[in-house]
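Survey of secondary and tertiary structure
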Amino acid sequence: MSQPTSAAKDRHTLSETACDLVVIEHRLRDVRRWTPETARAHLDAALSSVATALDALHAEHTHRTTEQEQS
């Protein structure tokens, strides 16, 4: 497989993963609204993990974009 095709596929995969995580984040926020207070800490931890994953994906996307611009 050629490099441009592989890079485009990687970007698409990153984009799909980011979209999936955003959907998960929205769903967790919806569920949190009707979750008993005693269980909210677990959902808050899950939301924090999703935010961390989105930050990591953004950093990876930025890194790959910078590499492509330099090549």
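To be clear, the structure that these remarks concern was listed above.
Each chain carries its own residue numbering, running from 1 in the direction its sequence is written. Two thresholds apply to this predicted model, a pLDDT of at least 70 for residue-level local features and 80 or more for giving and counting side-chain atom pairs, whereas whole-chain, interface and lining totals are computed over all residues. Side-chain numbers come from the whole structure's heavy atoms, not from hydrogens or water.

**Let's talk about the overall build of the protein**
For helices the rule is a DSSP run of H or I covering at least 4 residues; for strands it is a run of E covering at least 2, with both sets numbered from the N terminus onward. Along the backbone of the protein there are two helices and zero strands. Only protein chains enter the accessibility calculation, which uses a 1.4 Å probe; a residue is then buried when its area is under 20% of its type maximum, exposed when over 50%, and partly exposed in between. Within the protein, the proportion of its 71 residues that are buried is 18%. Taking the intrachain contacts of the protein between residues at least 6 apart in sequence as the baseline, contacts between residues at least 24 apart amount to 59%. Carbon and sulfur atoms make up 57% of the accessible area of the protein, which totals about 5300 Å². A contact between two residues is defined here by any heavy atoms of the two lying within 4.5 Å. For the accessible areas, the method is Shrake-Rupley and the probe is 1.4 Å, while residue cover comes only from the protein chains on display.

**A word on helix H2 (residues 37-70)**
Expected span, for any helix, means 1.5 Å times one less than how many residues it has. Helix length check: H2 (34 residues) gives 50 Å between terminal C-alpha atoms against 50 Å at 1.5 Å per residue, within 8%. Looking at H2, one finds that the buried residues are Arg40, Leu43, Leu47, Val50, Leu54 and Leu57.

**Concerning the environment of serine 15**
With respect to the helices and strands, the residue serine 15 is situated in helix H1 (residues 3-34). Sequence separation between serine 15 and histidine 58 is 43 residues, and the spatial gap between their C-alpha atoms is 9.4 Å.

**Looking at the nonpolar core**
Among buried residues, the Ala, Val, Leu, Ile, Met, Phe, Trp, Tyr and Cys ones that are joined through side-chain atoms within 4.5 Å form a nonpolar core. Of all hydrophobic cores here, the largest spans nine residues; its members are Leu14, Leu21, Leu28, Val31, Leu43, Leu47, Val50, Leu54 and Leu57. Breaking this core down by element, the ones donating at least two residues are H1 and H2. Looking at which element gives the most residues to this core, the answer is H2, with five residues. Setting aside residues up to four positions removed in sequence, leucine 14 forms contacts with Leu57, Glu60, His61 and Arg64.

**Topic: the pattern of salt bridges**
Only one rule defines a salt bridge in this text: a Lys or Arg side-chain nitrogen within 4 Å of an Asp or Glu carboxyl oxygen. A complete count under the given rule lists five salt bridges for this structure. For the salt bridge of aspartate 44 with arginine 32, the shortest nitrogen-to-oxygen distance reads 2.6 Å. Of this pair, aspartate 44 sits in helix H2 while arginine 32 sits in helix H1; the two residues are twelve residues apart in sequence, bridging distant segments of the chain. A salt bridge links glutamate 37 to arginine 40, with the nearest nitrogen and oxygen atoms 3.1 Å apart. On the criterion of helical spacing, the pair formed by glutamate 37 and arginine 40 is a turn pair, its members being three residues apart in helix H2.

**A few points about the side chain of arginine 40**
Among the polar contacts made by the side chain of arginine 40, one reaches the side chain of glutamate 37 at a distance of 3.1 Å. For arginine 40, the residues in contact, after removing those within four places along its chain, are Arg32, Arg33 and Thr35. Polar contacts, as counted here, are pairs of nitrogen or oxygen atoms within 3.5 Å of one another; within protein the pair requires one atom able to donate a hydrogen and one able to accept it, and residues that are adjacent in sequence qualify only if both atoms are side-chain atoms.

**What about the side chain of glutamate 25?**
Take glutamate 25: it is sitting in helix H1. Take glutamate 25: its relative accessible area is 16%, and that puts it in the buried class. Contacts of glutamate 25, omitting those with residues within four sequence positions, involve Leu47, Val50 and Leu54.

This is a description of form; function is not addressed.
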